[in-house]
Amino acid sequence: ELQTLPKSIGKLSNLRTLIVRDNKDFTAFPQEFWQCRNLQYLDAYHTNLSIIPSEIGAMRALKSLNFSLCSITELPQSLCELQQLEYLNIGSSMFEQKTPIDFTCLKNLSVFFTPHQMTDKEINAFAKKMPQVIMNPDTPFGVWGSEWDR
């Protein structure tokens, strides 16, 4: 089981994809990780991550984030800096968001898996503001992107 990444990961300036999924002992990224500014795909599905620091907002090349089945309780406001983000999966995480994030700041978002704590009213309001994100009432996740509905 992977518990952390080496600090030298910050030197991988051309890193585009990182998959740490299914590592229950993985609890945090080293501070140096947030220097990987060319990262486009981050998959931390089913890890024990509990904090996503605000430094994630500097990773502006990110297109896909998967934090499903993590221990994350809150997302930083800096998530709105990720203007290239197309896919966001925060489903099945234990959110207790103190400061609500208006996900409509993510103009390129086309696939969004909501946390279970998001109410139907919040999902409907979100779907109206984000016409490129299609709601699929048949899924427990709430909202799906149009290319995934095929």
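Rules used throughout
Residues numbered from 1 in each chain as written. Predicted model: local features only at pLDDT ≥ 70, side-chain atom pairs only at ≥ 80, totals over all residues. Heavy atoms only, no water. Helix = DSSP H or I, 4+ residues; strand = E, 2+ residues; numbered from the N terminus. Buried < 20%, exposed > 50% of the residue type's maximum accessible area, 1.4 Å probe, protein only. Areas by Shrake-Rupley, 256 points an atom, 1.4 Å probe, with all protein chains shown as cover. Polar contact = N/O pair within 3.5 Å; in protein donor to acceptor, adjacent residues only side chain to side chain. Contact = heavy atoms within 4.5 Å. Disulfide = S-S within 2.5 Å. Core = buried A, V, L, I, M, F, W, Y, C linked by side-chain atoms within 4.5 Å.

**Q** Mind showing me how you'd approach the overall build of the chain here?
**A** Scanning the chain from N- to C-terminus turns up 1 helix and 7 strands. Reading the helices (α) and strands (β) of the chain from amino to carboxyl end gives β-β-β-β-β-α-β-β. Within the span of the chain, comprising 150 residues, buried residues form 45% of the whole. In the structure as shown, the chain presents an accessible area of about 8000 Å², 52% of it carried by carbon and sulfur atoms.

**Q** Looking at this model, I keep getting lost on the side chain of Asn 23. Mind explaining?
**A** Checked against the element boundaries, Asn 23 lands in the loop between strand E1 (17–19) and strand E2 (41–43). Assessed through its relative accessible area of 13%, Asn 23 is described here as buried. A polar atom in the side chain of Asn 23 sits 2.9 Å from the backbone nitrogen of Leu 2. Filtering out sequence-adjacent residues up to four positions away, Asn 23 remains in contact with Glu 1, Leu 2, His 46, Thr 47 and Asn 48.

**Q** Help me understand the environment of Ser 54 in this model?
**A** Looking at the secondary structure, you find Ser 54 in the loop between E2 and strand E3 (64–66). Judged by relative accessible area, which is 48%, Ser 54 ranks as partly exposed. Along the backbone, Ser 54 and Leu 75 are 21 residues apart, and their C-alpha atoms lie at a distance of 8.3 Å. Apart from residues lying up to four places away in sequence, Ser 54 is in contact with Pro 76 and Ser 78.

**Q** Would you take a moment to explain the state of the cysteines for this structure?
**A** One covalent bond between the sulfur atoms of two cysteine residues makes up a disulfide. Applying the stated criterion across every chain yields a total of 1 disulfide. One disulfide in the model links Cys 80 with Cys 105; its S-S distance is 1.9 Å. A torsion of -75 degrees about the S-S bond marks the disulfide between Cys 80 and Cys 105 as left-handed. Of this pair, Cys 80 sits in the loop between E3 and strand E4 (87–89) while Cys 105 sits in the loop between E4 and strand E5 (111–113), placing them 25 residues apart in sequence.

**Q** Explain the nonpolar core here, please?
**A** Among soluble globular proteins, nonpolar side chains are generally buried collectively. Core analysis: the biggest nonpolar cluster contains 34 residues, and Leu 18, Phe 29, Phe 33, Leu 65, Phe 67 and Leu 88 have the highest contact counts within it. Among residues more than four places away in sequence, those in contact with Leu 18 are Leu 5, Ile 9, Phe 29, Phe 33, Leu 39, Tyr 41, Leu 42 and Asp 43.

**Q** Would you explain unusual backbone geometry in this entry?
**A** For residues that are not glycine, phi is negative in most cases, and the peptide bond is trans in most cases. Non-glycine residue His 46 carries a positive phi angle of around 55 degrees. Inspection of the secondary structure assignment puts His 46 in the loop between E2 and E3. Although it is not a glycine, Leu 69 sits at a positive phi angle of roughly 55 degrees. One can find Leu 69 in the loop between E3 and E4.

Function cannot be inferred from these measures alone, as they are strictly geometric.
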